[in-house]
Structures are given as structure tokens and as C-alpha cells.
Amino acid sequence: MTDRRPRIGLIAGGLGAYWPQFPDLLPTLQESSRYVSERIAGYDAEIVDVGFISDAQEGAKAAEKLREAGCDLIVGFLTTYLTATMLMPVAQRSGAPVLLINLQPTESIDHATFDTGQWLAYCGACPLPEMANAFTRAGVEFRSVSGYLRDERAWARIGAWIRAASVRKVLRHGRHGLMGHLYPGMYDVSTDLAMVNAHFGGHVEVLEFDDLRVRVDAVTESEVDARVAEARSVFEVTESVDDEDFAWGAKVSVGLDRLVADFDLDSLAYYHRGLNGEQHERLGAGMILGASLLTARGVPAAGEYELRTSLAMLVMDVLGAGGSFTEFQALDFTRGHVEMGHDGPAHLAISAKKPLLRGLGVFHGKRGWGVSVEFDVATGPVTLLGVGQTRDGRYTLVAAEGTVADGPHMRIGNTTSRVDFGRDPGEWTDDWSASGVGHHWALGTGHRLAELKAVASLLGVELITVT
């Protein structure tokens, strides 16, 4: 599993011509730089601080250090005025996206007492238009955050960029399992593996259900008993669960863990139809318990061969939002809600209460039978995220924010939620469907659009927002 801590490069700078003119200025700016370094490290990030630069030559040397460090994001701290040539090498050579921050020492200057040297410590905004213009003309994407050192609103925006850098790292270095075959006829689910790499990086490991079968065959009875005991502690086991089916799901779960470990996977998408109860059909039907446990511990697993949705689930999980496999279930025009959910694996962290295991004699639309996971998503703000694809092959991120509301739920072994988008559910559903999102998406907790805008920027893909 890929280490999720992003590597953040930090470079601070100001115009060296000021230092002999105003001797107190540089120490003040360096103290601000130390504070910024400490705050960034507090976001569970590995920081590569290359220090303070004062001219273009120092900027070029810092650029080489940052290039060698392999950063996921570089933060350029504009402490006062500096020329564009001091930071352009960083933006052009590092291979990493650059975030410029302008954080003056306090909310405002003391106009009655400040001299020129003291004012210059507040002049980080001065070079920002210059950098934006130079970056744009050089074909370097521009992004910035302005505020003051202890401005928590600014730090919330900076934090979103750092979390987005974590997503970028996980996708660029991630290993994603794709096991089985496409659900017959689902054109929207079919995925060109080269395009996954082209847009997000990483590696897609093509797996056979036999890769799982040999590992399940090796699971011992004591391991099955231990997994059943674990499942009983995690889930409320309903009377509908057959002991033999429960034991089989537990055995497949242990085998799944070995598969993920052996192939070092960060996510998994799977489907196999099977026939007449043969071994591969039984494997496919026995996946739900193990896939849900994997998803809960940060390895999203999606059914129906939904690779792009397993990636969306991974993005939401890295952002701390959970991220559960989701599709439309029904529209409630009486209450103004869109009902969503899915059978199969789910992210247990977003459940309103202890999730259930329910035994099903048939999985609708799929072969097999066995144990399924059921829960209602906790009420409160949620965000949907899907990975769409346009006619010319470009990936998009499609997102929407809503609120999970109370109301009745079906008890059919599915994850369910009813989401209020503050408008007619039919009209919203039409707009969401027209976005190019596809059949499935990830549902996670919290409103995450600010973070997803940062993710889209760092990945270089369009974010489509449905309101």
C-alpha cells in the first residue's frame, strides 16, 4: 500500500537588494518562513525545506534540490517582493506542481508607525501578479493562496492543496487491481488501462480470479474462525445469515487480504459471472465481506469491474471522506430526496450505526448467493465523486455536494442513503446523468469540493460540479 504522506517542497524568498538597506527585514522574513515550515509539517507531510533565496542564482540551485527530491507539491512562499526569474526555475524544472503563498505577518499594517522596512515584510502580494503572468506565459499552471501568517482561512486552503498532493502521490505511485471481466454490456464501465496511467499515473495489475482461488484454497480453518470472530465484532449478524455462507465469506476475505498483500494493491475492482455454482461463481459471490473490510481499512474494492469508481473511492478515502460504491436506487419526490446506494462492498466508516450482515438467497442481476453488507449512511453533509470520460478520451472528475437526510430505507442487503440536493430530485438527477459520470460513483462524508478542486488542478483534469 502506497505511503500517503505527501512530500512537500518549501522555498521562501525575497529580493536580496533589500537586505543591506533594511537590516531587520531578512530576520523577520526568515522567522515567518520557519513558522510556515512548521505548519506544513503539521499536515502529516514530509517537508523538504530548501531555505531562503535572495537572487536568481540561489533560486536555480534550490530548483535542482527540489527536482532531485521528487516532491508531490512545491510551496513557494512570497515573503516580500522578488523577481519572477527567482522562482521560474523551480516551476519549470521540478516536475511538481507549485503553489504560491502570500502570508503577511498580521492582518494589517500599522500605518501610523511603519517605516519602509517594516512595510516590505507585508509586501508578499507585490510579486503575485508578476508570477502569475510569467507562469502563464511559460505554460506553467498558476495557483496561489493569500492571507496572513495565522489566518486559519488561508491555512484551510493550503491544507486542501496538501491533501490534494497526497491524492496525487497515491494515484501516481498506486497499484490498482482489476480482476475478472467486464459486466456484460456495461459500456460505460469499460476502461482503457493506458488512459488510467496517462491521466493519473500508477499501475493497473490485471488479475485472474484464479489468483484469488489459489489463495483462498490455502486458508486454514483456524483463519476462517478468526475472521468470523472479527466480522462478528464489526457487524451485527442477522438471523438470515447462513453459517456455511458466513464461513465461506470469511475464507474468501482472508484470501483477498493475501491477494492485496502479494500484489501490493491500493485498490481493487472485480467481477466474475460464473455458472451453476462452480468455484469462480462462488468466489465472486463470496467477495462482499472481505471487500468491505478492505475498503474500511483504506483499500477500496468495487464490484462490477468498476476500476474508475474504485479510483474515485480511493481519492475520497485519501481525503478522509470514506468513499463507498454508489449508484441511483430511486427518487423520492415526496421528501425531495435522491436515494442512492449499492449492493456488495461498502465503506463501513460512513455507516450511521453498526453495519449489518444479511444473508441473501440471490444477488439481483448477478450470479450467486451469500452474505451481503447493509447499512444506512450517517446523516449530514456528503460529497459524490465520479470519474467520467469525454468523447475524445479525456478523464474528468464529476462531483456534487448534498446532505444525507433521515427517512425510510429498504432492508435488502444494500448500502443506502437518501441525499437532499436542495432542488427537485428529478431535475438534479438529469443534470448529474448528463455530466458524463457513468453508472457508479463514490459517496463520502463532508463537503469536499474545495479539496476536489485542488485535486483536479494537481492532476490536470477538469472538475465538473453538479449543483
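What this report covers is the structure whose coordinates are included nearby. A quick note: this is a predicted structure, and the numbers were derived from the prediction, not measured.

Section: the sheet that holds strand 10 (residues 301–302)
Stage number 1. Read from one edge to the other, the open sheet built from four strands follows the order 7-6-9-10, with strand pairing classed as parallel. Each edge of the sheet is formed by a strand with only one pairing partner; in this case those strands are strand 7 (203–207) and strand 10.
Stage number 2. Pairing of strand 6 (residues 175–180) with strand 7 involves five bridges; the strand directions are parallel. Within strand 7, the position partnered with Leu178 by the bridge is Val206.
Stage number 3. Seen against the sheet, helix 13 (residues 287–296) touches strand 6, strand 9 (267–271) and strand 10 and runs at an angle of roughly 160 degrees to strand 9.

Thoughts on the sheet that holds strand 3 (residues 73–78)
Strand pairing within a sheet occurs via backbone hydrogen bonds; the two strands may be parallel or antiparallel.
Stage number 1. Taken in spatial order, the five strands make up an open sheet running 2-1-3-4-5, and their pairing is parallel. The sheet terminates laterally at strand 2 (46–53) and strand 5 (144–148), the two strands that pair on one side only. The mean inter-strand angle of the sheet, taken between neighbouring strand axes irrespective of direction, is 20 degrees.
Stage number 2. Relative to strand 5, strand 4 (residues 98–104) runs parallel, the two sharing five bridges. Opposite Leu100, over in strand 5, you have Ser144 as the bridge partner.
Stage number 3. Each of strand 1 (7–13), strand 2, strand 3 and strand 4 is contacted by helix 4 (residues 84–93), which is oriented at about 145 degrees to strand 4, the strand it contacts most.
Stage number 4. Against the sheet, helix 7 (residues 152–173) touches strand 1, strand 3, strand 4 and strand 5, its axis set at about 145 degrees to strand 5.

The rules behind these values
Residues numbered from 1 in each chain as written. Predicted model: local features only at pLDDT ≥ 70, side-chain atom pairs only at ≥ 80, totals over all residues. Heavy atoms only, no water. Pairing = 2+ DSSP bridges. Helix = DSSP H or I, 4+ residues; strand = E, 2+ residues; numbered from the N terminus. Contact = heavy atoms within 4.5 Å. Axes fitted to C-alpha atoms, helices over the stretch in contact; angles between N-to-C directions.

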